[in-house]
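Here is how the chains run, residue by residue.
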Amino acid sequence: MDATDAAVLQHEHAHGPAPPPRRDFLKMVAACGAGIGLGAITWALIDTMEPAQDTLAAGAPIDIDLSHVSPGQQIVVLWRGKPILVVNRPEAALKPLQSKELLSRLADPDSNVHQQPTYAENWHRSIIPEYAVMVGICTHLGCLPTYFPKPSPSTPVANWPGGYFCPCHGSKYDLAGRVYTGVPAPYNLPVPPYRMMDGKMLRIGENPPGKTFDLNTIVQM
């Protein structure tokens, strides 16, 4: 041990560990500041997107501005503790939903099982074809299906036309939430009560005027 090391040990014994060099200290402060700043920005974004906590707890309707959802994009929001999938389906994604080839591979292509309100008992399972609104819970064991809107290197199955794949046990759904045959999931993804407001505003948790539907009445979540 040289004289310098001995001096450092003597200083630490008497006064505690020596402070880090000024340059290292400045780096540490900058890193902490950046982390705090990023956290504040992230929280601000989340806070502006999420409804108030008392609204969520009460299960009250929530409004979503669809003008921020681009074609092909999916957003996920919470309503009554359930993940609600909202998808902007472009024309190219809607055409395959009516193909005979796809319909032959679906277990309930006409939505005969009560998994949706009457106003979503159509080929696109929604009020208007462009926007899908579904509960993102697999009807097999309650897992969360993954959104694969089109074929890609990460697509989990061959000849994929777009839709949802459940990584837990391999259940598949199309972009209308209709379940495929020969998979563990027995039913289509549920559709919650919702309505389209003026412009591009979607209200989840409220039926259109003159319509009644309670999500608790479906066959299976």
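Check the entry above for the structure.
The following refers to the structure shown. Since this is a predicted model, take the numbers as computed values, not measurements.

1. Quick notes on the pattern of salt bridges
Move 1: Summed over all chains, the structure comprises 6 salt bridges.
Move 2: Here Glu 130 and Lys 200 are joined by a salt bridge, their closest N and O atoms 3.8 Å apart. Note that Glu 130 is positioned in the loop between α5 (100-103) and β4 (131-135) and Lys 200 in the loop between β8 (194-196) and β9 (201-204), a separation of 70 residues in sequence.
Move 3: Judged by its relative accessible area of 30%, Glu 130 falls in the partly exposed class.
Move 4: Here Arg 203 and Glu 206 are joined by a salt bridge, their closest N and O atoms 3.4 Å apart.
Move 5: Judged by relative accessible area, which is 24%, Glu 206 ranks as partly exposed.
Move 6: One continuous salt-bridge network, built from bridges that share partners, spans Asp 63, Arg 195, Arg 203 and Glu 206.

2. As for the layout of surface pockets
Move 1: Approximately 160 Å³ is the volume found for the second largest pocket.
Move 2: As for the second largest pocket, its lining consists of Gly 72, Val 87, Asn 88, Arg 89, Pro 90, Ala 92, Ala 93, Tyr 147, Pro 149, Lys 150, Pro 161 and Leu 175.
Move 3: Among the elements of the structure, β3 (82-88) and α4 (91-94) are those that each provide at least two residues to the lining of the second largest pocket.

3. Focus on the sheet that holds β3
Move 1: The strand order across the open sheet built from 3 strands is β2-β3-β4, with neighbouring strands paired in antiparallel fashion. Looking at the sheet topology across the chains shown, the edges are occupied by β2 (74-79) and β4. On average, each strand axis in the sheet is tilted by 25° relative to the strand beside it, whichever way the strands run.
Move 2: Pairing geometry for β2 and β3, over 6 bridges, is antiparallel.

4. Concerning the pairing of β4
Move 1: Summarising burial for β4: 5 of the 5 residues are buried, a large majority.
Move 2: Going residue by residue along β4, you find Tyr 131, Val 133 and Val 135 tucked away on one face and Ala 132 and Met 134 tucked away on the opposite face as well.
Move 3: With 5 bridges joining them, β3 and β4 adopt antiparallel strand pairing. Counterpart to Asn 88 in the pairing with β4 is Tyr 131.

5. Examining the sheet that holds strand β6 (residues 163-165)
Move 1: Taken in spatial order, the 3 strands make up an open sheet running β5-β6-β7, and their pairing is antiparallel. A strand with exactly one partner marks an edge of an open sheet, and here the two such strands are β5 (146-148) and β7 (172-174). Averaged over all adjacent pairs, the angle separating strand axes in this sheet is 25°, with direction ignored.

6. Some details on the nonpolar core
Move 1: Membership of the largest hydrophobic core comes to 43 residues, with the highest contact counts inside it found for Ile 64, Leu 66, Ile 84, Tyr 164, Tyr 173, Leu 202 and Ile 204.
Move 2: Only β1 (62-65), β2, β3, α4, β4 and β9 provide two or more residues apiece to this core.
Move 3: At 5 residues, β4 tops the list of elements feeding residues into this core.
Move 4: Not counting residues within four places of it along the chain, the set of residues in contact with Ile 64 comprises Ile 75, Val 77, Lys 200, Met 201, Leu 202 and Ile 204.

Conventions used here
Residues numbered from 1 in each chain as written. Predicted model: local features only at pLDDT ≥ 70, side-chain atom pairs only at ≥ 80, totals over all residues. Heavy atoms only, no water. Salt bridge = Lys/Arg side-chain N within 4 Å of Asp/Glu carboxyl O. Helix = DSSP H or I, 4+ residues; strand = E, 2+ residues; numbered from the N terminus. Buried < 20%, exposed > 50% of the residue type's maximum accessible area, 1.4 Å probe, protein only. 1 Å grid on protein atoms, 1.4 Å probe; cavity = no way out; pocket = protein on both sides within 12 Å on 5 of 7 lines; lining within 4 Å. Points joined across faces, edges and corners; volume = space filled by probe spheres on them. Pairing = 2+ DSSP bridges. Axes fitted to C-alpha atoms, helices over the stretch in contact; angles between N-to-C directions. Core = buried A, V, L, I, M, F, W, Y, C linked by side-chain atoms within 4.5 Å. Contact = heavy atoms within 4.5 Å.

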